[in-house]
Amino acid sequence: MGVVMLILGIALAVGIMLFVNKTEKISKDVATLFIASFLVGLVLEIFTFNYTTYENIGQSLNKSESIITFNGTEADSSNSNYRAQKETGNEKTAFLVGIHNINSKVNDIYIEPDKMMGKVKVDIAYQDEVFTKNTPLADSDLYVVSGVESTEHIRVHLAGKVSAIKLRLEPSSEGVQNANVKVGVNQGIPFNFKAYRLIIVVLVLFALALIYKYRNLNYAGKKSKKVRRIAIASLLVVQVLFSFFLANAQKDAEDPFLFEKKTKMVSEYDQYQKLAMAFTKGQTNLDGLSNNGSVEKRELDVLKGLKDPYKPQIRDDETKKQRVSYAWDYAYNDGHYYTYYGPVPVIFTFLPFYAISGAMLTTRVVTLLFVIIISLLMCLLVHNIAKRRKLNMWTVIGVMAASLSSIFLTSVFNGAKIYELSPLGGLVCILAGINLVYEGVHRENKNTLFLSLGALAFALAVGCKASFLLASIVVLPLILNYLASKGNSDIKNKFARYFANIFSKVNIKTILAVAAPYVVVGILLMIYNQVRFGSPFDFGVAHQLTVYDTSYFKLTSVSKLGTVIQNGLFRLPTTSANFPFLNLPDAGITYHGYIFAMAGIGVFVYPFIWAFVGVPVTVKNSLKNSKDKAFVIAAAIMALVLCYVTIVMGGPSFRYSLDFGWAFAIPSIFVIFAVEEWARKKNVLRQALLGIFVVLAATIIINTLISFNTTFNNLHEMRPDIYYDLFNTVMFWR
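Residues numbered from 1 in each chain as written. Predicted model: local features only at pLDDT ≥ 70, side-chain atom pairs only at ≥ 80, totals over all residues. Heavy atoms only, no water.

## Details of the overall build of the protein chain
Going by this rule: Working definition: helices are DSSP H or I runs of at least four residues, strands are E runs of at least two. Numbering for both runs from the N terminus. Throughout, radius of gyration means the C-alpha value; the globule benchmark is 2.2 Å times the number of residues raised to the power 0.38. A simple rule labels every residue: compare its accessible area, found with a 1.4 Å probe on the protein chains alone, to the largest value its type can have, and call it buried under 20%, exposed over 50%, or partly exposed in between.
Summing up its helical and strand segments, the protein chain has 23 helices and 15 strands in all. Against the globule reference of 27 Å for 734 residues, the protein chain gives a C-alpha radius of gyration of 30 Å, in line with a compact fold. Each principal axis of the C-alpha distribution contributes one length, and for the protein chain these read about 100 × 85 × 50 Å. Looking at the protein chain as a whole, 54% of its 734 residues are labelled buried.

## Focus on helix α5 (residues 271-280)
Put simply, the test is: Here a residue-residue contact requires only that any non-hydrogen atoms of the pair lie within 4.5 Å. Under the rule applied, a polar contact is a pair of N or O atoms within 3.5 Å (in protein, one hydrogen donor and one hydrogen acceptor; residues adjacent in sequence only if both atoms are side-chain atoms).
Across the ten residues that make up α5, a large majority, eight, are buried. Those residues of α5 that fall on the buried side of the exposure criterion are Gln271, Tyr272, Gln273, Lys274, Leu275, Ala276, Met277 and Ala278. Taken together, the buried residues of α5 touch β13 (336-338), α8 (344-357), α9 (363-386), α11 (418-442) and α15 (508-533). Near the N-terminus of α5, the side chain that reaches the backbone nitrogen of Tyr272, with its oxygen 3.2 Å away, is that of Asp270. Taken from the residues just after α5, Gly282 is the one with a positive phi, measuring 75 degrees.

## What to know about the packing of aromatic side chains
Inclusion rule: Side-chain rings of Phe, Tyr and Trp, where Trp is taken by its six-membered ring, are said to pair if the distance between their centres is within 6.5 Å; with planes under 30 degrees apart they count as stacked, over 60 as edge-to-face, and otherwise as tilted.
This model, assessed by the stated rule, comprises 35 aromatic pairs. Centroid distance Phe579 to Phe581: 6.1 Å. Interplanar angle 90 degrees. Geometry classified as edge-to-face. According to the relative accessible area criterion, Phe581 is partly exposed, its value standing at 22%. Here Tyr724 and Phe727 contribute two aromatic rings whose centre-to-centre distance is 6.2 Å and whose plane-to-plane angle is 45 degrees, an arrangement assigned as tilted. Of this pair, Tyr724 and Phe727 both sit in helix α23 (residues 720-730), three residues apart, which is roughly one turn of that helix.

## Describing the side chain of Lys119
For Lys119, the position within the fold is in strand β6 (residues 119-127). Setting aside residues up to four positions removed in sequence, Lys119 forms contacts with Tyr143, Val144, Val145, Glu170, Pro171, Ser172, His716, Glu717, Pro720 and Tyr724.

## Here's the deal with the pairing of strand β5 (residues 108-112)
A regular strand places its side chains so that they alternate between the two faces of the sheet. Stated formally: In this description, strands pair whenever DSSP reports at least two bridges between them.
Where burial is concerned, most of β5 is hidden: four out of the five residues are buried. Where β5 meets strand β9 (residues 153-155), three bridges bridge the pair, whose relative direction is antiparallel. Directly across from Tyr110, in β9, lies its bridge partner His153. Of the pairings in the sheet, the one linking β5 to strand β11 (residues 179-185) comprises four bridges and is antiparallel in character. Each residue of the ladder has a partner; that of Glu112, found in β11, is Lys182.

## As for the nonpolar core
What counts here: Residues grouped as a nonpolar core are buried Ala, Val, Leu, Ile, Met, Phe, Trp, Tyr and Cys residues, joined through side-chain atoms within 4.5 Å.
Counting residues in hydrophobic clusters, the biggest one holds 166 residues, and the most contacted among them are Tyr337, Trp662, Phe664 and Phe673. Among the elements that take part in this core, α11 stands out by supplying 14 residues, more than any other. Sequence-distant contacts of Phe673, defined by excluding residues within four places in its chain, comprise Val382, Ile385, Ala386, Arg389, Leu391, Thr395, Val396 and Val399. Judged by nonpolar contacts, the second largest core, of 29 residues, contains Leu142, Val156, Val181 and Val183.

## Points about the environment of Asn103
Relative to the helices and strands, Asn103 is located in the loop between β4 (95-99) and β5. Judged by relative accessible area, Asn103 falls into the partly exposed class, the value being 48%. Put simply, Asn103 and Leu61 are 42 residues apart on the chain and 9.1 Å apart in space, counted from C-alpha to C-alpha. Leave out the neighbours within four places in its chain, and Asn103 touches Asn62, Lys161, Val162 and Ser163.

## Let's talk about the side chain of Glu677
Along the chain, Glu677 falls in helix α20 (residues 658-681). Look at Glu677 and you get buried, because its relative accessible area is 18%. Once you skip the residues sitting within four places of it in the chain, Glu677 turns out to touch Arg389, Lys390, Leu391 and Ser622.

## A closer look at the sheet that holds β5
Defined as follows: Orientation is described by lines fitted to C-alpha atoms, with helices fitted over the stretch in contact, and by angles between N-to-C directions that extend from 0 to 180 degrees.
Taken together, the five strands give an open sheet; going across it, the order is β2-β1-β11-β5-β9, and neighbouring strands pair in antiparallel fashion. Two strands in the sheet have a free side with no partner beyond their single neighbour: β2 (74-77) and β9. Sheet twist, expressed as the average angle between the axes of neighbouring strands with direction ignored, equals 20 degrees. Note: strand β1 (residues 64-71) against β2, four bridges, orientation antiparallel. Bridge assignment links Asn71 to a residue of β2, and that residue is Glu74.

## Details of the environment of Val324
Inspection of the secondary structure assignment puts Val324 in the loop between α7 (312-321) and β12 (331-333). In sequence terms Val324 and Ile199 are 125 residues apart; their C-alpha atoms lie 54 Å from each other. If we ignore the near neighbours within four places in the chain, the residues touching Val324 are Arg298, Glu299, Val302 and Thr319.

## A closer look at the environment of Ile356
You can see Ile356 is positioned in helix α8. Classification of Ile356 as exposed rests on a relative accessible area of 75%. Expressed as a C-alpha distance, the spacing of Ile356 and Val412, which sit 56 residues apart in the sequence, is 28 Å.

## Points about the packing of helix α16 (residues 561-569) against helix α19 (residues 629-650)
Our working definition: In this scheme, roughly parallel covers angles under 35 degrees and roughly antiparallel covers those over 145, while 65 to 115 is roughly perpendicular and the rest are oblique. The residue classification treats Ala, Val, Leu, Ile, Met, Phe, Trp, Tyr, Cys and Pro as nonpolar and Asp, Glu, Lys and Arg as charged. All others, Gly included, are polar.
At a closest axis distance of 9 Å, the pairing of α16 and α19 adopts a crossing angle of 110 degrees. Our classification of the angle between α16 and α19 gives roughly perpendicular. Between α16, through Leu561, Thr563, Val564, Asn567, Gly568 and Leu569, and α19, the contact on the second element is made entirely by Cys643, Tyr644, Ile647 and Val648. Looking at side-chain class alone, the contact of α16 with α19 contains seven nonpolar, three polar and no charged residues.

## Points about a nonpolar patch on the surface
The criterion, for reference: Like-charged residues within 9 Å of one another, or nonpolar side chains (Val, Leu, Ile, Met, Phe, Trp, Tyr) within 5 Å, are grouped into patches, provided each residue has over 30% relative accessible area and no salt bridge. Where accessible areas are quoted, they stem from the Shrake-Rupley method and a 1.4 Å probe; at the residue level, only the protein chains shown are allowed to cover. Any Lys or Arg side-chain nitrogen located within 4 Å of an Asp or Glu carboxyl oxygen qualifies as a salt bridge.
Among the surface-exposed residues, Val519, Val520, Ile523, Leu524, Met526, Ile527, Val531 and Phe537 lie close enough to one another that they form a single nonpolar patch of about 770 Å² accessible area. Of note, Ile527 is situated in helix α15. Of the residues examined, Ile527 reaches a relative accessible area of 48% and is grouped as partly exposed.

## Side note on the pattern of salt bridges
Going through the model one piece at a time under the given rule, you end up with 20 salt bridges. With a closest N to O distance of 2.9 Å, Glu87 and Arg168 form a salt bridge. You can see Glu87 sitting in the loop between β3 (82-86) and β4 and its partner Arg168 sitting in strand β10 (residues 164-171), a full 81 residues away along the chain. Given the relative accessible area of 19%, Glu87 is considered buried. Among the ionic pairs, Asp725 bridges to Lys194, the shortest N-O distance being 2.5 Å. Of this pair, Asp725 sits in helix α23 while Lys194 sits in the loop between β11 and α3 (195-213), and the two are 531 residues apart along the sequence. For the pair Asp725 and Lys194, one class covers both residues: buried. Residues joined by salt bridges that share partners form a network here, namely Glu87, Lys92, Lys121, Asp123, Arg168 and Glu170.

## Remarks on helix α21 (residues 685-706)
Put simply, the rule reads: Take the number of residues in a helix, subtract one, and multiply by 1.5 Å to get its expected span.
With 22 residues, α21 extends 31 Å from end C-alpha to end C-alpha; this agrees with the ideal 32 Å at 1.5 Å per step. The set of residues buried in α21 consists of Ala688, Leu689, Ile692, Leu696, Thr699, Ile702, Asn703, Leu705 and Ile706. On its buried face, α21 sits against α10 (393-405), β15 (582-583), α17 (607-610) and α20.

Any link to function would need more than the numbers given here.
Below, the structure is given as structure tokens:
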């Protein structure tokens, strides 16, 4: 009966859609489309997504259950066929339950754990008509979570009548000795109406219906203005809500989200919070801000006594001998702790808020704020590129969504520490700078103001992360070509005339306006570095107290090129039959010498970035006489350079992809738009739009699934109630 209901739900849903689409008398207005989407979602929720509820109907099954009480080493059962005992001999506590004399087909096993048990890993062994001896169920992903009803029923697919089942229950909570557990077989899976699943399905169907209704709208046309604004606003709302969910769910329950507790003020491990407090005290080092000042002073004295504190073996041996620790991943110089990340994110967030209110923002809320700003700026960039072209509205909206999905924004919420915040701050500045410069060279007035503000944004990006100095090269061709177009030199040599036009008298004001922010910010950063490390060009990277001496890692390490290509570009996720279906590989990196590696994927995992390979053709044809030609070439080159620099100097990691993912996305935007323009000329627009839609949708889906991966995401540990409820909601067929 369960399969019948599954098919019936799908058939009714398809029938409703066909009826609405084919019936001419029905007005296809927005309200009708929403009602139809709601009816389809409701039918799927009642029949298809809950088909397991109907599975036991019409079957003759023996049902049984027992309440089992564990009290220390003793176990008591309310059913004589249920025998229980405490497992001994292992480090972790586990409870064993044996169910005997079943003599029936078993469709589901019911386990309701005690509240104190939290998340419980379940191992099942069984005897049926094929396996007459205890045989483990080949499923390592079985968990039940206290209080989460959707996890309490485990469907099993055993052969014929089952004689016995043995359960091993291992709680995640430590020290559980006493517990009450309810266990049963063939209790029947209750109807589980999921409101949030219904809402998501209805909204997705409604969005698809609107896309179909307005499928021929031109993005820059007057008719599309209202629909375009609603679509972009909806996209950003979804992005913000999803980001907030990830940010809030991946933190310890006792940790604050908005402000640090007054009694705590700063985290012992949060360098940016400490730097904000240090600035208010007139210092650049992070000394004296720890809750254990005397311990910190002893640590620093030990480090100062070392001949070379940056050699990890020497440092670790001596600190162990002296029975002290040291601040992990800080920069150290001449008896002081510093941070080797740029101060700009602190200056614009933590510091002013702390100076005015006396409260310290959490890094998690600043991370979320930066993600929201980046989302707005990325959509604005796509809009600025698209508004001067004749493009299908949904291509542009889809490219916005795919761009947000492919620049690794959802990778930052697990740790939400300085490692994520520094590149996020830099990316805010970079995208702001690109938007300002791009708009500045294309507009008819106030060009100098836009270019100057863009230069300021790029200069501030260097104050977030030193390697982002390279990012300015992305817009350099736009600025140079703009200046060259303003000159009027009559020099015959084309190359000489180009530079003569750039530095012509008419451009002096603009050149100074662009150069001034770099000079001012550069001088301030050099003074900052001089005070800390005795050199204006030393950002502190070589002073790290980490797993290796970074002073030996050079940009000339071309032997790492294979590692860069494999891990930065083509590292694929592993697949699973269970939600979230994709997981980040966490394998070690094969290289002759140490290289830092964490879970990660390559940029080409996202189908949207596949368009990157079409840059040469796009530049040659679609952008042949465009102002954007050099911009796209510079962005493509810089994407590869930043990928190389990031992995050679830092190693491959999911969060490090923030440094270069955006640079791959920019050329991909132009290529996708060029494909549509080509298809329009060749009269194959419909087929091209379908292909583009599939690529963009696949990118969004892959990013969403990877956001829930258990290799890097801690949601399954921090909030197992949310994760495993979502797990069972998605895998309704399991």
